[in-house]
Amino acid sequence: QVQLVEAGGGLVQHGGSLRLSCAASGIIFSIYAMGWYRQAPGKQRELVAGITSGGRTNYADSVKGRFTISRDNAKNTVYLQMNSLKPEDTAVYYCTGNSDYAPQMVNWGQGTQVTVSS
């Protein structure tokens, strides 16, 4: 059974930093593309950052230069380093994973709340 467990959310001041982590189990992590989505109150869920099994990354324009996604295949974990946080980054952040061999089957974590105070 696939499990994605996020950690690291919390309350931070404008301009601060947080690092989210997502520990995966039940999968061959090295063949999974991983991503981070977020959903703010009253808004649609949006892609924040993604990383392929080969390590290529992509980012939403709103977070480029501030957020960094990385993965540690030895620990079955993906990270999201968030710097220069803004109040508009406040959202529930979700980890996702999908196998290179079944990219349409996306697995989701339970989410972690990030709140940035002004």
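All of these numbers come straight from a predicted model, not from anything done at the bench.

(A) Expanded view of the overall build of the protein chain. The secondary structure content of the protein chain amounts to zero helices and 11 strands. Listing every helix and strand of the protein chain by position from the N terminus yields β-β-β-β-β-β-β-β-β-β-β. Its C-alpha atoms give the protein chain a radius of gyration of 13 Å, within 12% of the compact-globule value 13 Å for 118 residues. Taking the principal axes of the C-alpha coordinates as reference, the protein chain spans close to 40 × 25 × 25 Å. The buried share among the 118 residues of the protein chain stands at 42%. When the accessible surface of the protein chain is summed, it comes to about 6,200 Å², and 48% of that surface belongs to carbon and sulfur atoms. Where the 10 positive side-chain charges of the protein chain centre and where its 7 negative ones centre are 2 Å apart.

(B) Looking closely at the state of the cysteines. In this structure the tally under the stated criterion is one disulfide. Each sulfur in the disulfide pair Cys 22 and Cys 95 lies 2.1 Å from the other. With the S-S dihedral at roughly -80°, the linkage between Cys 22 and Cys 95 falls on the left-handed side. Placement of the pair is Cys 22 in strand 3 (residues 18-25) and Cys 95 in strand 9 (residues 91-99), with a sequence separation of 73 residues. Using a relative accessible area of 0% as the deciding quantity, one classes Cys 22 as buried.

(C) View of the environment of Gln 110. By secondary structure assignment, the location of Gln 110 is in the loop between strand 10 (107-108) and strand 11 (112-117). In this structure Gln 110 comes out as partly exposed when scored by relative accessible area, which is 49%. Residues Gln 110 and Gln 3, 107 residues apart in the sequence, show an inter-C-alpha distance of 9.3 Å. Among residues more than four places away in sequence, those in contact with Gln 110 are Leu 4, Val 5, Glu 6 and Tyr 94.

(D) Highlighting the sheet that holds strand 1 (residues 3-7). Sheet architecture is open: four strands sit in the order 1-3-8-7, paired in antiparallel fashion. The sheet terminates laterally at strand 1 and strand 7 (67-72), the two strands that pair on one side only. Neighbour-to-neighbour, the strand axes of the sheet open up by a mean angle of 15°, direction not taken into account. Bridge count for strand 1 against strand 3 is five bridges, and the pairing is antiparallel. The residue bridging Ala 7 from the neighbouring strand is Ser 21, located in strand 3.

(E) Main features of the environment of Asn 76. Looking at the element boundaries, Asn 76 is found in the loop between strand 7 and strand 8 (77-82). Remark: the alpha-carbon pair of Asn 76 and Cys 22, spanning 54 residues in sequence, is separated by 8.3 Å. When sequence neighbours within four positions are dropped, the list of residues in contact with Asn 76 reads Cys 22, Ala 23, Ala 24, Ile 27 and Phe 29.

(F) Focus on the pattern of salt bridges. Under the criterion given, the structure shown has four salt bridges. Among the ionic pairs, Glu 46 bridges to Arg 38, the shortest N-O distance being 2.7 Å. We classify Arg 38 as buried; its relative accessible area is 6%. If you follow the salt bridges from partner to partner, you end up with Arg 38, Glu 46, Arg 66 and Asp 89 in one network.

Rules behind the numbers
- The numbering scheme is per chain: residues are counted from 1 as the chain's sequence reads.
- Whole-chain, interface and lining totals are the exception, using all residues; otherwise, since this is a predicted model, local features are given only for residues with pLDDT of at least 70 and side-chain atom pairs are given and counted only at 80 or more.
- Hydrogens and water molecules were not included; the side-chain quantities draw on all heavy atoms of the structure.
- The way it works is that DSSP assigns letters per residue, a run of H or I at least four long becomes a helix, a run of E at least two long becomes a strand, and they are numbered from the N terminus.
- Each radius of gyration is computed over the set of C-alpha atoms, and the globule rule expresses the reference value as 2.2 Å times the number of residues to the power 0.38.
- Here the term buried applies to any residue with accessible area under 20% of the maximum for its type, exposed to any over 50%, and partly exposed to those in between, with areas from a 1.4 Å probe on protein chains only.
- The accessible surface values rely on the Shrake-Rupley method and a 1.4 Å probe; as for residues, cover is taken only from the protein chains in view.
- All tallies of charge rest on Lys and Arg as positive and Asp and Glu as negative; His and the ends of each chain are not included.
- All charge positions are set by atom: Lys at NZ, Arg at CZ, Asp at CG, Glu at CD.
- Pairs of cysteine sulfur atoms within 2.5 Å are identified as disulfides in what follows.
- Pairs of residues are marked as contacts when any of their non-hydrogen atoms sit within 4.5 Å.
- DSSP bridges decide pairing: two strands pair if at least two such bridges lie between them.
- Axis definition: a line fitted to C-alpha atoms, over the contacting stretch in the case of helices. Angles run 0 to 180 degrees between N-to-C directions.
- One speaks of a salt bridge when a side-chain nitrogen belonging to Lys or Arg is within 4 Å of a carboxyl oxygen belonging to Asp or Glu.

Read these as layout, nothing more, since geometry by itself doesn't imply function.
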